[in-house]
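Letter by letter, the chains look like this.
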Amino acid sequence: MSRGPTVVALVGNPNAGKSALFNALTGARQKIANYPGVTVERKAGRLLLPNGEPVELVDLPGTYGLEATSPDEEVTRRVIMGEQPGQAQPDVLVIVLDSSNLEQHLVLAQEVLELGRPTVVALNMIDLAERDGLVLDPAALSAELGVPVIPTVAVRRRGLGDLGAAVAAAREQARAAPPQPRAHLLLPERRMMARTMARGAVLSETSRHRLHARLDRVLLHPWLGPPVLFALLFIVFQAVFSWAKPFQDGLDGLFSALADWLRGEMPASLLRDLLTDGVIAGVGSVIVFLPQILVLFFFILVMEATGYMARAAFLMDRLMAGVGLSGRSFIPLLSSFACAVPGIMSTRSITDPRDRLTTILIAPMMTCSARLPVYAVIIAAFIPARQVLPGIGLQGLVLFLLYVAGIVGAMVVALVFRRTVTHGEASGFIMELPKYQLPTVKDLALGLFQRAWIFLRRAGTMIFTVAVVLWLLLNFPRAEPGKDQVDASIAGHIANGLAVVVEPIGFNRDIALSLIPSMAAREVAVSSLATTYAVGSSNDDDARAVGLATELKRHWSLATALAFLAWFVFAPQCMSTIAVTRRETNGWKWPAFMLGYLFALAYAFAGLVYWTAIAFGLG
Amino acid sequence: MTLDQLPLGTLARIDSVDWPALVPEEAQRLRALGLDEGAHIRLAYRGVFLARDPLAVEIGRMTVALRRVHARAMHVTPVGDDIADQSLTDVRV
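Please read these numbers as outputs of a predicted model, since none were measured by experiment.

A. Quick peek at the overall build of chain B. Helix and strand counts for chain B come out as three helices and five strands. The order of α-helices and β-strands along chain B, N terminus first, is β-α-β-β-β-α-β-α. Looking at chain B as a whole, 56% of its 93 residues qualify as buried. The contacts in chain B between residues at least 6 apart in sequence include a share of 61% that link residues at least 24 apart. By element, 53% of the accessible surface of chain B is carried by carbon and sulfur atoms, the whole surface being about 4,000 Å².

Pasting the structure below:
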């Protein structure tokens, strides 16, 4: 068969340390994409064998067996069998085993070895096994399995050269005499064999003073575990909003400066306005969230790499079960407090498709950081800064209630969806709790870089396009001299139509107009209201906010302001969220549904708040 | 006795599992994790606050989280801790 470069694939159980081994073998040169037609990540990189031959190394999704129970496992099976479209069958398989968990991991190893593909075994994380008092004999295991067994410690780069040499040798040997498929064993037989082989490979085993057992005694304790988790989450939220602030302000200043510089350099023209008000303002308003996303992901990556994330899922499972979800949904929903886009992307770890869909659909209701500028401006303008209780201000209380409204809304919606659109068996929760481990700086840095890159690429394409389109809608057709450009534009006409629709929930035409550009991102509502009320052209945000607050109070009633806040708790005004939902659900059906139900909910909730406020005489 | 009734920390053997009572994919997942007839397990953690769900089970050197509905389908018999020590000592060569 004529073909491209040699392909080597890493196969193994989840938590075998496959990704760390992959990172160590390929370095930062990795290509991450989706397998065609499915939302399963394909990670590939280049590895130079000791004989100088470059090979493509593919990191397959972790699996417990070749009988797939999830889309991820299905991809692994198909790639190994050579049935995955667009992926050449791997020439050599590297089975990655967790040295401390051989009895379990050898079950999959035997199943893979039965196929008779050229195979090498990596006895990974052998240092952790030694830490637990377990001394292994790779030669004995190799004799049992009939393939080379190489001890490796991915995070310390131990054994990588030997592994490469073994892969090259297996490749050579397969060219001379291809290995033959072996006799097929049933699962109970494989398990018995695995137990025997695992015991045979143990040279000595001292009493198990396992670190993770002692940590779990606190972290999984029914009464101690949850307070520890909540304290940790509190720190994460503090960090997301305080550590990121200076960087966010810096980026904001940078984009303002860039726009000002362009205004000074270029003669006044439509092109200049397109660049400053469309491209820089639009893309810039999204990129300023990069620091927050990086801080949040830093914590999520640390929690994942140390093994704590699975414990968090365990602790939250009971709560999530109440609305028909499982502990696995907790991680994506947590991410969504910074931004729904990475949150929705991380739903891939949820095995149950209905669970995953429900989680995707409710993720936009978690109060993301883009809502904060909107909330901050409206609260500052309309909610008096007085104490309701010692230490608790009314403004902070309103902000807190908006967060709670989103969470409660999401829970209610999940409950309803699990009985209707995503109806099915109540989802279970079965999850291996991996051993605790110290993360390496390199793996963390690589993970952060990959997340940042995905985010920036989206800002550079999708958000760029939307920003330009919105600018065009607001600027064409051109107004006659002396007339208001906004009134003449397509967006202005749409706003006139929209105003009729949103009038019953207390919104005026100015609000209707601001809703159109904020389809790109919610926080754009603030700048577009500022433009509408012609509050100077100062770039000083604080001065502008003060000016805007005065103007808002002149044009809006308190009931309108509260309805506006209520609207933003639910309104799906974020093109990137819709786009990522389309990608993750492979079609327009679910993003369309998401848009529909969230707008309906936003409309109903804003109306409810407005008319309740009117009834209490706040109009 | 079913697994959810097992006292914490007691080593037990899974005698039988009522597989048809479980969702097929979940049954397959449990089996893949080694939670099958004949396996020796220990219930390590049960519930959060006052809830009795979920459970964490030690099997070999692995800890697996599962729900009470799964545990209820597994019939277990406690085995003495001396046998547990046996299972550790007999692997020493």
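There is more to say after this.
B. Region of interest: the overall build of chain A. Tallying secondary structure elements over chain A gives 27 helices and 12 strands in all. For 619 residues, the compact-globule estimate of 2.2 N^0.38 gives 25 Å, and chain A sits close to it at 28 Å. Taking all 619 residues of chain A together, the buried fraction comes to 54%. Of the accessible surface of chain A, which amounts to about 26,100 Å², a share of 66% is contributed by carbon and sulfur atoms. Across chain A, 53 positive and 48 negative side-chain charges occur, with their mean positions spaced 2 Å apart.

C. Examining the sheet that holds strand S2 (residues 30–34) of chain A more closely. Residue and element names in this part refer to chain A. The strand order across the open sheet formed by seven strands is S2-S3-S4-S1-S5-S6-S8, and the pairing between neighbours is mixed. The open sheet terminates on both sides in strands that have one partner only, identified here as S2 and strand S8 (149–151). Ignoring which end each strand starts from, the neighbouring axes of this sheet average 25° apart. In this sheet, strand S4 (residues 54–59) lies alongside strand S1 (residues 7–12) in parallel orientation, the contact comprising four bridges. Considered in S4, the bridge of Leu-10 is made with Asp-59.

D. A look at the environment of Arg-509 of chain A. All names here are of chain A. Looking at where Arg-509 falls in the secondary structure, it is placed in helix H22 (residues 509–515). In this structure Arg-509 comes out as partly exposed when scored by relative accessible area, which is 25%. Linking Arg-509 and Ala-499, residues 10 residues apart in sequence, is a C-alpha distance of 5.0 Å. If we skip the residues at most four places from it in the chain, Arg-509 touches Asp-487, Gly-492, Asn-496 and Ala-499. Within the structure, the side chain of Arg-509 is placed 2.5 Å from the side chain of Asn-496, a separation counted as a polar contact.

E. Quick peek at the interface of chain A and chain B. Counting residues at the interface gives 44 residues for chain A and 39 residues for chain B. Interface of chain A and chain B: buried area, both sides summed, is about 3,900 Å²; carbon and sulfur atoms make up 55% of it. The interface formed by chain A and chain B includes three salt bridges. Residue Asp-36 of chain B is joined to Arg-191 of chain A by a salt bridge in which the shortest nitrogen-to-oxygen separation is 3.0 Å.

F. Region of interest: the UniProt feature "domain: Ferrous iron transporter FeoA-like" (unreviewed entry) in chain B. UniProt records the feature "domain: Ferrous iron transporter FeoA-like" (unreviewed entry) at residues 1–78 of chain B, using the numbering of this structure. Taken end to end, residues 1–78 of chain B is 18% helix and 37% strand, and its two terminal C-alpha atoms sit 9 Å from one another.

G. Representation of the packing of helix H5 (residues 138–145) of chain A against helix H7 (residues 187–201) of chain A. All names here are of chain A. The interhelical angle for the contact between H5 and H7, taken along N-to-C directions, is 150°, at an axis separation of 8 Å. When the interaxial angle is binned, H5 and H7 end up roughly antiparallel. Along its contact with H5, which presents Ala-140, Leu-141, Glu-144 and Leu-145, the element H7 presents Met-197, Gly-200 and Ala-201. For the contact of H5 with H7, the per-class residue count stands at five nonpolar, one polar and one charged.

H. How the structure looks around the sheet that holds strand S2 (residues 40–46) of chain B. Taken in spatial order, the six strands of this open sheet run S12(A)-S4(B)-S3(B)-S2(B)-S1(B)-S5(B), and their pairing is antiparallel. Bordering the open sheet on either side are strand S12 (431–433) of chain A together with strand S5 (74–78) of chain B, each of which pairs with just one other strand. Each neighbouring strand pair of the sheet contributes to a mean axis angle of 40°, computed without reference to strand direction. The pairing of strand S1 (residues 11–17) of chain B with S2 of chain B spans three bridges and is classified as antiparallel. Each residue of the ladder has a partner; that of Ala-12 of chain B, found in S2 of chain B, is Ile-41 of chain B. Those strands touched by helix H13 (residues 308–321) of chain A are S12 of chain A together with S2, strand S3 (55–59) and strand S4 (62–66) of chain B, and its axis lies near 125° from that of S12 of chain A.

Cut-offs used in this document
- For every chain, the first residue of the written sequence is number 1, and numbering continues from 1 onward in sequence order.
- Going through the entries in the order they are written, you letter the chains from A and number the ligands from 1.
- Per-residue local features of the predicted model are confined to residues with pLDDT of at least 70, and side-chain atom pairs are confined, for both listing and counting, to 80 or more; whole-chain, interface and lining totals are unaffected and use all residues.
- Computation of side-chain values covers all heavy atoms of the structure but excludes hydrogens and water.
- Helix and strand labels come from DSSP, where a helix needs a run of H or I of at least four residues and a strand needs a run of E of at least two; each type is numbered from the N terminus.
- Residue exposure (1.4 Å probe, protein chains only): buried if accessible area is under 20% of the type maximum, exposed if over 50%, otherwise partly exposed.
- Should any heavy atoms of two residues lie within 4.5 Å, those residues are counted as being in contact.
- All accessible areas in this document rest on Shrake-Rupley with a 1.4 Å probe, and a residue is counted as covered only by the protein chains that are shown.
- Throughout, the radius of gyration refers to the C-alpha atoms, and the reference size of a globule is 2.2 Å times the residue count to the power 0.38.
- Charge counting follows a simple rule: Lys and Arg are positive, Asp and Glu are negative, and His as well as the terminal groups are ignored.
- Just so you know, the charge point we use is NZ for Lys, CZ for Arg, CG for Asp and CD for Glu.
- Pairing between strands requires that DSSP locate at least two bridges from one strand to the other.
- Fitting a line to C-alpha atoms yields each axis, with helices limited to the stretch in contact; the angle taken between N-to-C directions then spans 0 to 180 degrees.
- Contacts described as polar in this section are N or O atom pairs within 3.5 Å, which, within protein, must combine one atom able to donate a hydrogen with one able to accept it, while residues neighboring in sequence count only if both atoms come from side chains.
- The buried area of a pairing is the accessible area, by a 1.4 Å probe, that goes missing from both parts when the two are put together, added over both.
- We define a salt bridge as a side-chain nitrogen of Lys or Arg found within 4 Å of a carboxyl oxygen belonging to Asp or Glu.
- UniProt positions are given in the numbering used here, feature names are shortened, and annotations may be inferred rather than shown by experiment.
- Angle categories: roughly parallel below 35 degrees, roughly antiparallel above 145, roughly perpendicular from 65 to 115, and oblique for all the rest.
- We call Asp, Glu, Lys and Arg charged. Ala, Val, Leu, Ile, Met, Phe, Trp, Tyr, Cys and Pro are nonpolar, and the rest, Gly among them, are polar.

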